[in-house]
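Read off the chains here:
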Amino acid sequence: MFSRRDLLTTSLAVAGGLMLVNRSAGAQQMSMNEVFFDKEAPVLGNPKGKVTVVEFFDYQCPYCKSSHPMVNKVVKQDGDVRLIMKDWPVFGNASIFAAQAVLGAAQIGKYEIAFEALMKTKGKLSEEMVEKTLTGAGISMKEIAVAVNKNNKKISGLLDRNYNQALGFNFAGTPAFVIGKTIYPGVLDEKGLKDAIAKARA
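My aim in this report is to walk through the structure given alongside it, one point at a time. What you are looking at is a predicted structure, and each value in this text was computed from that prediction instead of being measured.

Our next topic: empty space enclosed by the protein. Within this structure, the stated rule accounts for one cavity of 30 Å³ or more. Roughly 40 Å³ of volume is contained in the largest cavity. For the largest cavity, the full set of lining residues is Ala41, Pro42, Ile84, Met85, Lys86, Asp87, Leu103, Tyr111, Leu158 and Asn162. Elements supplying a minimum of two residues to the lining of the largest cavity: strand 5 (81–87) and helix 7 (152–168). Counting residues per element, the lining of the largest cavity draws most heavily on strand 5, which supplies four residues. Residues belonging to the lining of the largest cavity are distributed by class as follows: seven nonpolar, one polar and two charged.

Set out below in structure tokens:
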């Protein structure tokens, strides 16, 4: 889907840039444990929640961004839900760059700040806009670049697993959810998300 190349910008070039992950041709067999409890995947909501909501998303997906406040509200109101946002950057290089940058921010303890900042953006992203947004949120791009390069294998591995899982579920685009033993391709409204959580809890 994507060719391998360096994603360089002014500040990230200093640390060598961000490397695209290597995409395998087909999805591999996966267990629900791998989908719900990938140790490298950042967790939002209640880390000890009994129900896990997994959302495959892209920072340029307008539906992902417009529905995110509702998803956040439902997860917080419930109080017993783990929210795993799985980067599936299907909208090109800017999406890949954004995913890598935010996962780099996770390595320095600033995942939620970086994630929320990019989810509030409007329209298409550029690498420069990603940098400006994260810098505006108080995160140093130099620190992110160092973290990404230091943890490149970990971040690339996570993006590869997300990609293969999305293929394994036959998802056609973002957003797409896995909640309990059920997959939900496409946007969920508030009632749909609450019903899916209740079904997973039953």
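Let us look at the pairing of strand 7 (residues 182–185). Here strand 7 shows a buried face lined by Thr182 and Tyr184 and an unburied face lined by Ile183 and Pro185. Looking at chain direction, strand 6 (residues 176–179) and strand 7 are connected through four bridges and run antiparallel. If you follow Ala176 over to strand 7, its bridge partner there is Pro185. The turn linking strand 6 back onto strand 7 is made up of two residues, and Gly180 within it adopts a positive phi angle of 65°.

With that settled, the discussion passes to the nonpolar core. Nonpolar side chains in soluble globular proteins generally cluster together in the buried interior. Residues Phe56, Tyr59, Phe115, Ile179 and Leu193 are the most contacted members of the largest nonpolar core, which totals 57 residues. Examining the composition of this core, we find that eight residues originate from one element, helix 3 (residues 93–106), more than from any other. Non-local contacts of Tyr59, meaning those with residues more than four positions away in its chain, are made with Lys65, Asp87, Ala98, Ala99, Val102, Phe115, Leu118, Met119, Thr121 and Leu125.

Along the chain, His68 turns up in helix 2 (residues 62–78). The spacing of His68 and Lys120 is 52 residues in sequence and 9.0 Å in space, taken between C-alpha atoms. Look past the residues within four positions of His68 in its chain and what remains in contact with it is Phe115, Glu116 and Met119.

A word on the sheet that holds strand 6. As summarised here, the arrangement of the five strands in space is 3-5-4-6-7, forming an open sheet in which the pairing is mixed. With partners counted over all chains shown, the strands left at the sheet margins are strand 3 (44–45) and strand 7, one partner each. Strand contacts of helix 8 (residues 190–201): strand 4 (51–57), strand 5, strand 6 and strand 7, with the helix running at about 135° to strand 4, the strand carrying the most contacts.

Procedures and definitions
Residues numbered from 1 in each chain as written. Predicted model: local features only at pLDDT ≥ 70, side-chain atom pairs only at ≥ 80, totals over all residues. Heavy atoms only, no water. 1 Å grid on protein atoms, 1.4 Å probe; cavity = no way out; pocket = protein on both sides within 12 Å on 5 of 7 lines; lining within 4 Å. Points joined across faces, edges and corners; volume = space filled by probe spheres on them. Helix = DSSP H or I, 4+ residues; strand = E, 2+ residues; numbered from the N terminus. Nonpolar A, V, L, I, M, F, W, Y, C, P; charged D, E, K, R; others polar. Buried < 20%, exposed > 50% of the residue type's maximum accessible area, 1.4 Å probe, protein only. Pairing = 2+ DSSP bridges. Core = buried A, V, L, I, M, F, W, Y, C linked by side-chain atoms within 4.5 Å. Contact = heavy atoms within 4.5 Å. Axes fitted to C-alpha atoms, helices over the stretch in contact; angles between N-to-C directions.

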